[in-house]
Amino acid sequence: MTSEHARLVAMLRELRARTGLSLAALAERTTYSKSSWERYLNGKSLPPRQAVQDLCRVANEPDGRLLALWEIAESDASGRAAVVAPAAEVPRQQLQEAPQPPEARGPRGRRRGLMVVLASVYILLVGGVALVLFLLLPRDTAEDEPQSASVPYSLAPQCNGAACEGRDPMRLMCGIGPETLTTYRTATGAHVELRYSEKCGASWARAWGTRIGDRVEVTAGGPTHDVHIRDTDDTETYAYTEMAEARPGSTVRTCFRPAAADAEQECFEARVGQAATTTRP
């Protein structure tokens, strides 16, 4: 499983957990069976594009970022990401000016030299075609076939505590089944959530409904990490900050800084294991 496939699986599992649906209930709301969803959500096979769209629809989640991630994972799995290097071409001038052995100067020698050149060209052509076919042929004949059991992969969290500081919660599997400490709606209509993973011992913020230029910051008493909304794609899906180390009893604080210069920042905080409080400057 590639890193992009693993990240896609983590995000799909989070979406499914948010819906609260069992695999059987998810199968009833989509065109894919319970066994298919089991393979997709456990990383045994790459889901079809339509399955990703269906889960986003059921979870009421914008599908832009997940589909972009699926495109990368599918490209890696199918081999379409490979680039075939062009065969080296011998300059025509070099072929014309290459010195000939004495026996090649007569009619028989010229014919023999021509046969050698033609044979070399034929070998290069056959080898090039074989290489292209090898790279372009799909590696998996069936879309739903599970990956070989000989390729182990763990969906367990990949960091804990200080090792998670400043790192991506999705890529390190901390985004699988996290706790939502609190959700806050800003004056501009954006939503900001504080999330916490007990297994990773870390917290982060995510936002949606944002505008280009908005920024979200999070800290748990240590370094401050932020995410900047840069383009339309960011406004149509979740935007995540990096993680901050947090333990039970830690106070996690996040600030929303709107793009408008005359707008005030809005800050709120939550203590891990307790209710949230909101503060404004």
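Refer to the preceding data block for the structure.
The structure reproduced in this document is the subject of the present report. (Residues numbered from 1 in each chain as written. Predicted model: local features only at pLDDT ≥ 70, side-chain atom pairs only at ≥ 80, totals over all residues. Heavy atoms only, no water.)

## Quick notes on the overall build of the protein
Helices and strands together make up the secondary structure of the protein, namely eight helices and 10 strands. Residues counted as buried form 38% of the 281 residues belonging to the protein. By sequence separation, contacts in the protein at least 24 residues apart represent 58% of the contacts at least 6 residues apart. With the model as given, the accessible surface of the protein reaches about 16,100 Å², and the carbon-plus-sulfur share is 53%. (Helix = DSSP H or I, 4+ residues; strand = E, 2+ residues; numbered from the N terminus. Buried < 20%, exposed > 50% of the residue type's maximum accessible area, 1.4 Å probe, protein only. Contact = heavy atoms within 4.5 Å. Areas by Shrake-Rupley, 256 points an atom, 1.4 Å probe, with all protein chains shown as cover.)

## Points about the packing of helix 1 (residues 3-19) against helix 4 (residues 49-58)
Viewed as axis vectors pointing N to C, helix 1 and helix 4 meet at an angle of 35 degrees, and their least axial separation amounts to 9 Å. Crossing angle aside, the handedness with which helix 1 passes helix 4 is left-handed. When helix 1 is examined against helix 4, the residues Leu12, Leu15, Arg16 and Thr19 are found in contact with a partner set consisting of Val52, Leu55, Cys56 and Val58. Classifying every residue of the contact of helix 1 with helix 4 by side-chain character gives six nonpolar, one polar and one charged. (Axes fitted to C-alpha atoms, helices over the stretch in contact; angles between N-to-C directions. Left-handed = near helix turned anticlockwise from the far one by under 90°. Nonpolar A, V, L, I, M, F, W, Y, C, P; charged D, E, K, R; others polar.)

## Examining the packing of aromatic side chains
Under the definition given, this model contains six aromatic pairs. With a centroid separation of 5.6 Å and an interplanar angle of 80 degrees, the aromatic rings of Trp37 and Tyr40 are classed as edge-to-face. Of this pair, Trp37 and Tyr40 both sit in helix 3 (residues 34-41), three residues apart, which is roughly one turn of the helix. A relative accessible area of 1% places Trp37 in the buried class. Judged by its relative accessible area of 0%, Tyr40 falls in the buried class. Each ring, one from Trp208 and one from Tyr238, has its centre 5.3 Å from the other, and the planes form 90 degrees; the classification is edge-to-face. In this pair, Trp208 is assigned in strand 3 (residues 202-208) and Tyr238 in the loop between helix 8 (232-235) and strand 6 (239-240), connecting sequence segments 30 residues apart. Taken together, Tyr32, Trp37 and Tyr40 form an aromatic cluster joined through their ring pairs. Taking NZ or CZ as reference, Arg206 lies 4.0 Å from the ring centre of Tyr238, over its face. (Phe/Tyr/Trp six-rings, centres within 6.5 Å; stacked < 30°, edge-to-face > 60°. Lys NZ or Arg CZ within 6 Å of the ring centre and 35° of its normal.)

## Comments concerning the nonpolar core
Residues Leu8, Trp37, Val52, Leu66, Cys164, Cys174 and Met243 are the most contacted members of the largest nonpolar core, which totals 35 residues. Ranked by the residues each element gives to this core, the list is headed by helix 5 (residues 64-78), at five residues. Residue contacts for Leu66: discarding those within four places in its chain leaves Leu8, Met11, Leu15, Val52, Cys56 and Glu61. Listed in part, the 21 residues of the second largest apolar core include Ala190, Val192, Ala220 and Phe256. (Core = buried A, V, L, I, M, F, W, Y, C linked by side-chain atoms within 4.5 Å.)

## Quick notes on the environment of Thr235
Relative to the elements of secondary structure, Thr235 occurs in helix 8. With 24 residues separating them in the primary sequence, Thr235 and Arg211 have C-alpha atoms 5.7 Å apart. If we skip the residues at most four places from it in the chain, Thr235 touches Gly209, Thr210, Arg211, Ile212 and Ile229. Side-chain polar atoms of Thr235 contact the backbone oxygen of Thr232, separated by 2.6 Å. (Polar contact = N/O pair within 3.5 Å; in protein donor to acceptor, adjacent residues only side chain to side chain.)

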